[in-house]
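Understanding the architecture of this molecule
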Amino acid sequence: MTNSRTLFTIQSSTNASFSSHFTLKKPSQLQQKPFKKLTFNVLCSSQSSKTPQNSNPISTLVSIIRVIPDWADKIQEGGMRKKRSLYNHETWVQHRSSLRHVRHLFSSFNSRVILSLIPPVIAFTSFAIMIASYNSAVSLHWLPEFFPVLRASPQPYQLTAPALALLLVFRTEASYSRFETGKKAWTKVIAGTNDLARQVIGCVDKRDDVLKEALLQYIMAFPVALKCHILYGSDMASDLKNLLEADDLAVVLSSKHRPRCIIGFISQSLQSLNLDGTKRSQLESKISCFHEGIGVCEQLVGIPIPLSYTRLTSRFLVLWHLTLPIILWDDCHWIVVPATFISAASLFCIEEVGVLIEEPFPMLALDELCQRVRDNIQEAMANEKQIQERLNSKRKRSFSEHSPNGWPTP
């Protein structure tokens, strides 16, 4: 009787595997059958819970290094979600004040732009300190003679400085162009909303008062829905609960594209009104600005500035400041440390502003614009009855001042 071996492999969920070989004696009637190799995979969940996590020193070091960048990113993202406010006369006076420079200086530590620059500025300044310390140690013969002093000619920097300046200017200009496009798109949306509401208030008669009021609610809800559609972290249910009825809000929230769903409500309401074909066509033509606004906003959110351009700017700045202490050592020595700090803070600040305004909508006061549209339409609805009463009283007074034959009374 011959002995055969069967291999058992046990594998745990912690990617640790071990194998054991057992010698089994098979019955005589199975001696003629070929040898089979069996493999069993066993998940040992009880052992994985006992394995300490983050035991790798490299991951621990990475987590420590990421503390400051994560903190800066958290502040920056919190600032992006901050609600903006529109300027008024008092705000413009403060904006033009001669003391604005002092105010801006003391508010630097509250600026998310400056706080987001802390990781790169600290990194490049620390690297400049390392280069200066190394060169000083070599100059003082604290290191063996075969260690060279890290120095280079400033001629390459003089040749590439205009290229870096143009690159930053073009990057910032492209970002501001996107900001301007987003602002113009929202200007058209707000103007189209007010114009459509004005025509609905003026054209729809008293027979459709219920449907007219619902239509005006849909018109007021569209800018809010578009704002929530393009801003990250917006709560559409909370923003629309005071504008739409519960059933209408449920339909909007269940839709995949909520602004277009509200446009559908507006279009169907216009079809249900007792209007002639000319007035209805005139009102429906105003909806085109809503579709145009959705298209422009979605394009700005979904398509950034070409990534190759952004990466080129970032790499250029990083390589520039990594070599800056070496270039300036002969002329500045330890002054390379403050020089690197000032250069990194100023140039990376320009690049950071361009990145921030590349997504224009968090920079706009959309919440206040939507609230202003709502207030204007509600005020127009409230003034409609008063205006009609005043016009009717003037008409009656005009008729009473004339005699039945059309001649004024003496």
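Before reading on, note that the structure itself is shown above.
Quick caveat, the model's predicted, so the values are computed rather than measured. (Residues numbered from 1 in each chain as written. Predicted model: local features only at pLDDT ≥ 70, side-chain atom pairs only at ≥ 80, totals over all residues. Heavy atoms only, no water.)

**Quick notes on the overall build of the chain**
Counting secondary structure elements, the chain contains 17 helices and 2 strands. Across the 410 residues that make up the chain, the buried fraction comes to 31%. In the chain, of all internal contacts separated by at least 6 residues, the share reaching a separation of at least 24 is 73%. (Helix = DSSP H or I, 4+ residues; strand = E, 2+ residues; numbered from the N terminus. Buried < 20%, exposed > 50% of the residue type's maximum accessible area, 1.4 Å probe, protein only. Contact = heavy atoms within 4.5 Å.)

**Details of the environment of Thr187**
Structurally, Thr187 is set in helix α8 (residues 155-203). For Thr187, a relative accessible area of 49% translates into the label partly exposed. Along the primary structure Thr187 and Leu369 are separated by 182 residues, whereas in three dimensions their C-alpha atoms are 9.4 Å apart. From its side chain, Thr187 meets the backbone oxygen of Lys183 in a polar contact 2.8 Å long. (Polar contact = N/O pair within 3.5 Å; in protein donor to acceptor, adjacent residues only side chain to side chain.)

**Concerning the nonpolar core**
Core analysis: the largest hydrophobic core is formed by 54 residues, its most contacted members being Trp186, Ile219, Leu240, Ile266 and Phe361. Of all the secondary structure elements, the ones that give two or more residues to this core are α8, α9 (209-230), α10 (236-240), α11 (246-254), α12 (258-272), α14 (288-302), α16 (336-358) and α17 (366-400). The biggest single contributor to this core is α9, with 12 residues. If we ignore the near neighbours within four places in the chain, the residues touching Trp186 are Pro223, Leu226, Lys227, Ile230, Cys297, Phe361, Leu366 and Cys370. Judged by nonpolar contacts, the second largest core, of 13 residues, contains Phe124, Tyr157, Trp320 and Phe348. (Core = buried A, V, L, I, M, F, W, Y, C linked by side-chain atoms within 4.5 Å.)

**Some thoughts on unusual backbone geometry**
The general pattern is negative phi for most residues beyond glycine and trans for most peptide bonds. Although it is not a glycine, His141 adopts a positive phi angle of roughly 60°. Classification of His141 as exposed rests on a relative accessible area of 66%. The phi dihedral of His333 falls on the positive side, at around 55°, and the residue is not glycine. Looking at the secondary structure, you find His333 in the loop between α15 (307-332) and α16. The class of His333 is partly exposed, set by a relative accessible area of 40%.

**A word on the pattern of salt bridges**
Pairing is possible between side chains that carry opposite charge, provided their charged atoms lie close to one another. Applying the stated criterion across every chain yields a total of 10 salt bridges. Linking Glu180 and Lys183 is a salt bridge whose minimum nitrogen-to-oxygen distance equals 3.4 Å. One end of the pair is Glu180 and the other is Lys183, both in helix α8 and 3 residues apart, which spans about a single turn. Note that Arg372 is salt-bridged to Glu368, the shortest N-O span being 4.0 Å. Taken as a pair, Arg372 and Glu368 lie in helix α17 at a separation of 4 residues, close to a single helical turn. Residues participating in the shared-partner salt-bridge network are Asp195, Arg198 and Lys286. (Salt bridge = Lys/Arg side-chain N within 4 Å of Asp/Glu carboxyl O.)

**As for the packing of α12 against α14**
Contact geometry of α12 with α14 gives a least axis separation of 11 Å together with a crossing angle of 180°. The orientation of α12 relative to α14 falls into the category roughly antiparallel. Here Pro259, Arg260, Ile263 and Ile266 of α12 come into contact with α14, specifically with Phe290, His291, Ile294 and Glu298. Split by residue class, the contact of α12 with α14 holds 5 nonpolar, 1 polar and 2 charged. (Axes fitted to C-alpha atoms, helices over the stretch in contact; angles between N-to-C directions. Parallel < 35°, antiparallel > 145°, perpendicular 65-115°, else oblique. Nonpolar A, V, L, I, M, F, W, Y, C, P; charged D, E, K, R; others polar.)

**A few points about the packing of aromatic side chains**
Each aromatic ring pair is summarised here by two numbers: the centre-to-centre distance and the angle between the ring planes. This structure, assessed with the given rule, holds 8 aromatic pairs. An aromatic cluster of at least three residues, connected via ring pairs, comprises Tyr134, Phe146 and Phe147. (Phe/Tyr/Trp six-rings, centres within 6.5 Å; stacked < 30°, edge-to-face > 60°.)

**Topic: the side chain of Arg280**
Note that Arg280 resides in helix α13 (residues 277-285). Here Arg280 is buried and forms no salt bridge, its nearest opposite-charge partner Glu284 lying at an N-O distance of 5.2 Å. Look past the residues within four positions of Arg280 in its chain and what remains in contact with it is Leu270, Gln271, Leu273 and Leu275. (Lys, Arg positive; Asp, Glu negative; His and termini not counted.)

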